Amino acid sequence: QVQLVESGGGLVQAGGSLKLSCAASGSTFGNYAMGWFRQAPGKEREFVAGISRNGGSTKYGDSVKGRFTISRDNTKNTVDLQMNSLEPEDTAVYYCAARNMGLLPIVLTTPSQYSYWGQGTQVTVSS
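Let me begin by describing the structure that accompanies this report. (Residues numbered from 1 in each chain as written. Predicted model: local features only at pLDDT ≥ 70, side-chain atom pairs only at ≥ 80, totals over all residues. Heavy atoms only, no water.)

## Describing the side chain of Glu6
Relative to the helices and strands, Glu6 is located in strand S1 (residues 4-7). An unpaired buried charge is present at Glu6: no salt bridge exists, and Arg45, the closest side chain of opposite charge, is 7.7 Å distant. At 2.8 Å, the side chain of Glu6 and the backbone nitrogen of Cys96 are in polar contact. From its side chain, Glu6 meets the backbone nitrogen of Gly120 in a polar contact 2.9 Å long. (Helix = DSSP H or I, 4+ residues; strand = E, 2+ residues; numbered from the N terminus. Buried < 20%, exposed > 50% of the residue type's maximum accessible area, 1.4 Å probe, protein only. Lys, Arg positive; Asp, Glu negative; His and termini not counted. Salt bridge = Lys/Arg side-chain N within 4 Å of Asp/Glu carboxyl O. Polar contact = N/O pair within 3.5 Å; in protein donor to acceptor, adjacent residues only side chain to side chain.)

Take a look at the structure:
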């Protein structure tokens, strides 16, 4: 079992940057694949970025490639999402997600693959 708490959301102008953080409670954080998703009003939950249990592999959604970077620190039980060159289309509630993968260094990219979710943090990008 793991509990996830996101932080770092807020209001930013287009072209600006924000860094989201997700803090995980519980042990064996290093066994968990982690991901970031977002959901705008009236839209499906969208994959943003994912990282394998040991940080060796990452994947990104097409709309954020080259602008967002996911990273993790297994000593601090945290996963971050650095968001640069933000656009109004990035406005959404951002969610952190986790799944215990044991020793498998796999990146997960769909919501149904994840077992645990945070409460979300709002990101608003003004034009």
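## So, the pairing of S1
Taking every second residue as pointing to the same face, the buried face of S1 carries Leu4 and Glu6, while none of Val5 and Ser7 on the other face is buried. Strand direction decides the pairing type here: S1 and strand S3 (residues 18-24), joined by 4 bridges, are antiparallel. Residue pairing in the sheet places Leu4 in a bridge with Ala24 of S3. (Pairing = 2+ DSSP bridges.)

## Quick notes on the environment of Ala97
Along the chain, Ala97 turns up in strand S9 (residues 92-100). The buried category is assigned to Ala97, whose relative accessible area is 0%. The spatial distance from the C-alpha of Ala97 to the C-alpha of Cys22 is 8.9 Å, given a sequence separation of 75 residues. In this structure Ala97 touches Leu4, Ala33, Met34, Gly35, Phe37, Tyr114, Tyr116 and Trp117, once residues within four positions along its chain are discounted. (Contact = heavy atoms within 4.5 Å.)

## Some thoughts on the pattern of salt bridges
Working definition: two side chains of opposite charge can pair if their charged atoms are close together. A complete count under the given rule lists 6 salt bridges for this structure. Between Asp80 and Lys19 there is a salt bridge, with the nearest N and O atoms lying 3.6 Å from each other. Of this pair, Asp80 sits in strand S8 (residues 78-83) while Lys19 sits in strand S3, placing them 61 residues apart in sequence. Asp90 is paired through a salt bridge with Arg67; the nearest N and O atoms lie 2.8 Å apart. Here Arg67 lies in the loop between strand S6 (58-60) and strand S7 (68-73) and Asp90 lies in the loop between S8 and S9, a separation of 23 residues in the sequence.

## A closer look at the packing of aromatic side chains
Two aromatic rings are characterised by how far apart their centres lie and by the angle between their planes. Counted under the stated rule, the structure contains 5 aromatic pairs. Geometrically, the ring pair formed by Phe37 and Phe47 is edge-to-face, given 5.6 Å between the ring centres and 70° between the ring planes. Taken together, the residues span a long stretch of sequence, with Phe37 in strand S4 (residues 32-39) and Phe47 in strand S5 (residues 46-51) at a distance of 10 residues. For the pair Phe37 and Phe47, one class covers both residues: buried. Centre to centre, the rings of Tyr114 and Trp117 are 6.2 Å apart; their planes meet at 65°, and the pair counts as edge-to-face. (Phe/Tyr/Trp six-rings, centres within 6.5 Å; stacked < 30°, edge-to-face > 60°.)

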